[in-house]
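Secondary and tertiary structure notes
Next come the chains, spelled out residue by residue.
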Amino acid sequence: MCGIVGYIGKNSVKDILLDGLSELEYRGYDSAGIAVLQDSNFSIYKAVGKLENLKNKTKEFHPKGFSIGIGHTRWATHGKPTELNAHPHIGENSYVVHNGIIENYQELKQRLSTEGVHFLSQTDTEVIVHLFESHLKRLKSPLEAFRAALDELHGAYAILLITKSAPDTIFFAKNGSPMLIGLGKDEKHFASSDTPLIGLCKDVIYLYDGENGYLTSDAIEVFSKSYEKITPVHKALPTSKLSAQKEGYRFFMEKEIYEQSQVISDTLMGRLSKDTILFEELDEKLFEGINEIKLCACGTSYHSALAASYLFERFAKIRCSVEIASEFRYKEPMMSKDTLFVVISQSGETADTLETLKMAQAAGLKTLVICNVDNSSMVRAADASILTRAGIEKGVASTKAFATQMVVFWMLSLYLAKLRSSLTSAQLAEQILLLREIPATVVVSDDLHEKIRRLSKRYLHGHGFFFIGRDVFYPLALEGALKLKEISYLHAEGYPSGEMKHGPIALADPELFTIALMPVNLLYDKTKSNVEELSARDSTICAISAVAFDKADDFIQIKEHKHYMHEFFEMMVVLQLFSLEISVRLGNDVDMPRNLAKSVTVE
Ligand code: AGP
């Protein structure tokens, strides 16, 4: 949800800022902007829409020598995606970029307006720069003014501020939105994630909530929330950016679908023995006194949690409930200490999920996070973490992260089954053999992809899609519908197969497309009856199954598998490719669909 970069040094500031922003563009692409301060002069460029527009605007801008700069790519929250609302935001002599939401911006805006400040934008961010300048008039010291401004801000933020009153300095603050400092040779950087820094820096400093300070070419000063000096810890940064490139695929999403076999192998690696699941990162004490698991997440991660709840109850015989994080936050939930609170997040930064983690901790619950990003806010906050090892996921529509979450959940349900003696050694050994076979089930064959590509042309219209399934195939249906909505902009819903007759079947006609998940190894006959009910009402049916179904208009055949979880994983790939190919035919931006962002760090 917005990406920010900053730079101090002698190298090409414009290219460094723009390259950094292009790595962060998945976080928001409503507008982008940069501000460069050199020899006490500001150069400022902003453009609405994709970063490409900003690149075109800055073609003739070639700053040389020492400079400082900040940049931003925006996912609009307050105010439309216009140039005036694009960051950096200007004061009289300063510029600011911000990721997050300033919750009390309206009252601050009102007060500053009475002091004679004229606001140019509709954003919450603009108050930061005016607040700083208002304090600067009084306090004279830029650092004191920056701190006084921070003291008045409520909400989530990662902030970079540059000012003519300290022309070699970038002031920064982090609270609830991600930011890190990169340490290069004779230069320093800021970024919202580590990807833009790979290749530029060997070491980084991950900032924690409440931390703030300033950078100059010779100094890195980091302070706590109460402005006590901190000695920051330097951490090594990976050196290869290769895995973040498209490698010949048309889209990152496509590459990420094809990568699933590999990243699932990585996720399993070192974690399987003959009849035991090994999670080195877990201490068995975490599960002592635990009688219930509560899973909490948003979007795709919520769908993996919902599917996991079936596995926890079935294999580990433990009560399991699932919550949508944005709902859980305000429902005044009952939380009891015999519940293990588990959050699931690809990014580890989703604001709603992070907040529920904090709530559970405040209520004294033990917490675990299943996450794809090490050192993310959730990983740092939870009592324990399991990393999903999906690698950098760039497509806004999550694919390989979901796949690896499901693998971790399957493993975790077996890990608990062992602890709780709810499965025998023989049963565990059998499950572990099945786990080992998942990488083979998600390999994309040319035939399958081609079949889906051809079929996709029949599904570009209609008045809606129903993805239906039972048991774990219900959350998979929800996920299939979400994928289609995100990148095709077609209306789609996921539904439990058996629930259609309780209302939605009224919509059935030839223009209603039913995508039926029909696993042979789980409740096949029950699902078949539900699909027949839809077929009888003339809904257009696309069946996904290992066996042909004579009432279907279209049929996507998966391989024959011996377990329903293998059918789950292969169908997952089918649904991902189905959405991808429909989106391609509709000419949409597959990797950066409209109105979305990869990491949702606002509530
Ligand atoms: C997935 O395709 C979506 N873009 C979205 O639903 C995402 O899963 C959700 O925002 C949660 O993100 P997280 O896993 O990073 O917490």
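Refer to the preceding data block for the structure.
Read on for an overview of the structure. (Residues numbered from 1 in each chain as written. Predicted model: local features only at pLDDT ≥ 70, side-chain atom pairs only at ≥ 80, totals over all residues. Heavy atoms only, no water.)

Quick look at the overall build of the chain
Helix and strand content of the chain: 18 helices and 25 strands. Relative to the 2.2 N^0.38 estimate, which gives 25 Å for 603 residues, the radius of gyration of the chain is 25 Å and therefore close to what a compact globule would have. Burial status across the chain gives 61% buried among its 603 residues. Taking all contacts inside the chain whose residues are at least 6 apart in sequence as the whole, residues at least 24 apart take part in 72%. (Helix = DSSP H or I, 4+ residues; strand = E, 2+ residues; numbered from the N terminus. Rg over C-alpha atoms; globule rule 2.2 N^0.38 Å. Buried < 20%, exposed > 50% of the residue type's maximum accessible area, 1.4 Å probe, protein only. Contact = heavy atoms within 4.5 Å.)

Focus on the pattern of salt bridges
Applying the stated criterion across every chain, the model contains 30 salt bridges. Here Glu323 ties to Lys331 by a salt bridge, and the two come within 3.1 Å at their closest N and O atoms. For Arg453, the salt bridge goes to Glu450, with nearest N and O atoms at 3.0 Å. In this pair, Arg453 and Glu450 both sit in helix H15 (residues 446-455), 3 residues apart, roughly one turn of the helix. Linked through salt bridges whose partners overlap, the residues forming this network are Arg111, Glu115 and Glu152. (Salt bridge = Lys/Arg side-chain N within 4 Å of Asp/Glu carboxyl O.)

Describing helix H12 (residues 400-419)
Taking 1.5 Å as the rise per residue, H12 with 20 residues should run 28 Å; its terminal C-alpha atoms sit 29 Å apart, in good agreement. H12 sits mainly inside the fold: 18 of its 20 residues count as buried. Positive backbone phi, approximately 55 degrees, marks Ser421, located one or two places after H12. (Expected span 1.5 Å × (residues − 1).)

Some thoughts on unusual backbone geometry
With omega at -5 degrees, the peptide bond leading from His87 into Pro88 counts as cis. Secondary-structure assignment places Pro88 in the loop between strand S4 (67-74) and strand S5 (89-90). Even without glycine at this site, Asp39 takes up a positive phi of about 50 degrees. Within the secondary structure layout, Asp39 lies in the loop between strand S2 (31-38) and strand S3 (41-48).

What to know about the sheet that holds S2
Paired through backbone hydrogen bonds, the strands of a sheet run either parallel or antiparallel to each other. Ordered by their spatial adjacency, 8 strands build an open sheet running S3-S2-S4-S1-S10-S9-S11-S15, and the pairing between neighbours is antiparallel. A strand with exactly one partner marks an edge of an open sheet, and here the two such strands are S3 and strand S15 (235-236). Here 8 bridges tie S2 to S3, and the two strands are oriented antiparallel to one another. Across the sheet, Leu37 pairs through a bridge with Phe42, a residue of S3. Helix H1 (residues 13-24) contacts strand S1 (3-9), S2, S4 and strand S10 (187-191) of the sheet and is inclined by roughly 155 degrees relative to S1. (Pairing = 2+ DSSP bridges. Axes fitted to C-alpha atoms, helices over the stretch in contact; angles between N-to-C directions.)

Quick look at the packing of H12 against helix H18 (residues 564-585)
Helix-helix packing is described using two parameters, namely the angle between the two axes and the distance between the axes. Close contact between H12 and H18 brings their axes to 11 Å; oriented N to C, the two are set at 170 degrees. When the interaxial angle is binned, H12 and H18 end up roughly antiparallel. Residue-level contacts link Phe402, Ala403, Met406, Val407 and Trp410 of H12 to Met565, His566, Phe568, Phe569 and Met572 of H18. Taken together, the residues of the contact of H12 with H18 sort by class into 9 nonpolar, 1 polar and no charged. (Parallel < 35°, antiparallel > 145°, perpendicular 65-115°, else oblique. Nonpolar A, V, L, I, M, F, W, Y, C, P; charged D, E, K, R; others polar.)

Re the site of the ligand
Residues in close proximity to the ligand total 15 residues, the closest being Ser301, Ser345, Gln346, Ser347 and Thr350. At 2.7 Å from an oxygen atom of the ligand is found a side-chain nitrogen or oxygen belonging to Ser347. In this structure, Thr350 approaches the ligand through a side-chain N or O atom, which is 2.4 Å from an oxygen atom. Alone, the ligand offers 410 Å² of accessible surface; in the complex the protein occludes 90% of this. Mapped onto the shell around the ligand, the elements with two or more residues apiece are helix H8 (299-316) and helix H16 (473-488). By residue class, the composition of the shell around the ligand is 5 nonpolar, 8 polar and 2 charged. Here the shell around the ligand gathers at least three residues from each of two domains, domain 2 (254-440) and domain 3 (444-585). (Near = heavy atom within 4 Å. Polar contact = N/O pair within 3.5 Å; in protein donor to acceptor, adjacent residues only side chain to side chain. Areas by Shrake-Rupley, 256 points an atom, 1.4 Å probe, with all protein chains shown as cover. Domains from an automatic or database assignment.)

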